[in-house]
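Okay, here's what each chain looks like letter by letter:
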Amino acid sequence: MFEHSEGEPVLVLSQDQCWSLLEGVQHGRLVTVVGGRADIFPVNCAAQDRSIVLRTAPGSKLAEMAVNENVLFEADGILSDQAWSVVLRGTAARLETSAEREAAEELNLRPWVPTVKDYFVRIVPEEVSGRHFRFGEHPERELGEGSEGG
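Participant: I'd like a description of the nonpolar core, backed by residues and values.
Facilitator: The nonpolar side chains of soluble globular proteins are, as a tendency, buried together. By size, the foremost hydrophobic cluster in this structure holds 27 residues, and its most contacted members are Leu22, Leu30, Ile52, Phe73, Val86, Leu88 and Ile123. Excluding anything up to four places from it in sequence, valine 86 contacts Leu13, Cys18, Leu21, Leu22, Phe73, Glu74, Ala75, Val128, Ser129 and Gly130. Residues Leu95, Ala104, Leu109 and Phe120 belong to the second largest nonpolar core, which totals 6 residues.

Below, the structure is given as structure tokens:
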């Protein structure tokens with residue numbers, strides 16, 4: 001998926017690499033914080049114009065984002081020999097205009113469960129960071145001077 005430096009199991013991803021991964025996700029996690037208490041919610045989502053759009057119903061997510069628009073979004077992927085994780089820190093806002101909602105409708109976001117979810121939220125990023133991991137065996141610690149074996 002990504003080229004790592006020789007022997008390096010962790011690769012710090014560029015912004016473009018992060019968005020390349022985010023453009024393929026349909027699920028992630030939204031983190032809100034209100035009154036010093038963090039909540040995390042699984043969400044269905046889509047990337048659009050270097051932002052994340054999610055679809056929801058009235059409830060905790062909308063209420064908490066109304067109180068504190070600063071959120072985190074995380075998505076990841078795990079394969080047999082590699083994994084990745086991207087974290088986006090940004091500002092969440094409900095899509096209010098008909099043009100915004102029509103653009104969001106084009107993403108074809110569907111709820112996981114058969115419930116009505118009429119609200120769209122866009123997360124505009126302030127920071128995006130990501131890592132790609134190559135799996136392998138746990139390395140043995142090298143014994144050196146001052147250790148029991150050396």
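Still more ground to cover, so stick around.
Participant: Any details on the pairing of strand S3 (residues 37-47)? Residues and values, ideally.
Facilitator: Consecutive residues of a regular strand have side chains that alternate between opposite faces of the sheet. The pairing of strand S2 (residues 27-34) with S3 spans 8 bridges and is antiparallel. Bridge pairing in S3 places histidine 27 opposite asparagine 44. Hairpin remark: S2 followed by S3, antiparallel, with 2 residues in the connecting loop; positive phi at glycine 35, about 60°. Bridge count between S3 and strand S4 (residues 52-56): 3 bridges; the pairing is antiparallel. Within the sheet, the bridge partner assigned to alanine 47 lies in S4 and is isoleucine 52. Taken together, S3 and the strand that follows it, S4, pair antiparallel across an intervening segment of 4 residues, in which aspartate 49 is found at a positive phi of about 55°.

Participant: Report on helix H2 (residues 60-67), specifying residues and quantitative values.
Facilitator: Taken together, the buried positions of H2 are Lys61, Leu62, Glu64 and Met65. In the core, the buried residues of H2 are packed alongside S2, S3, S4, strand S5 (70-78), strand S6 (82-94) and strand S7 (119-134).

Participant: Explain helix H1 (residues 15-22) to me, using residue names and the numbers behind them.
Facilitator: Along H1, the positions that sit buried rather than exposed are Cys18, Trp19, Leu21 and Leu22. Buried residues in H1, looked at end-on, bunch into an arc of 160°, giving them a common side. Packed against the buried residues of H1 are S3, S4, S5, S6 and S7.

Participant: Tell me about the state of the cysteines, and name the residues and values.
Facilitator: Scanning the entire structure with this criterion turns up 0 disulfides. Summary of cysteine pairing: cysteine 18 is not part of a disulfide, and the nearest cysteine sulfur, belonging to cysteine 45, is at 14 Å. Judged by relative accessible area, which is 0%, cysteine 18 ranks as buried. In this structure cysteine 45 comes out as buried when scored by relative accessible area, which is 2%.

Rules behind the numbers
Counting starts from 1 at the beginning of each chain's written sequence and moves along it residue by residue. For this predicted model, a pLDDT threshold of at least 70 governs which residues receive local features, and a threshold of 80 or more governs which side-chain atom pairs are given and counted, while totals over whole chains, interfaces and linings are taken from all residues. Only hydrogens and water are set aside when side-chain values are computed; all heavy atoms of the structure are taken into account. Among buried residues, those of type Ala, Val, Leu, Ile, Met, Phe, Trp, Tyr and Cys that are joined through side-chain atoms within 4.5 Å constitute a nonpolar core. For every residue, the accessible area obtained with a 1.4 Å probe (protein chains only) is divided by the maximum for its type, and the residue is called buried under 20%, exposed over 50%, and partly exposed between those limits. Whether two residues are in contact is decided by their heavy atoms: any pair within 4.5 Å suffices. Strands qualify as paired when DSSP identifies two bridges or more between them. A run of H or I in DSSP counts as a helix once it spans at least four residues, and a run of E counts as a strand once it spans at least two, with each numbered from the N terminus. The directions considered for the arc are those from the helix axis to the C-beta atoms. For the purposes of this analysis, a disulfide is any pair of cysteine sulfur atoms at a distance within 2.5 Å.

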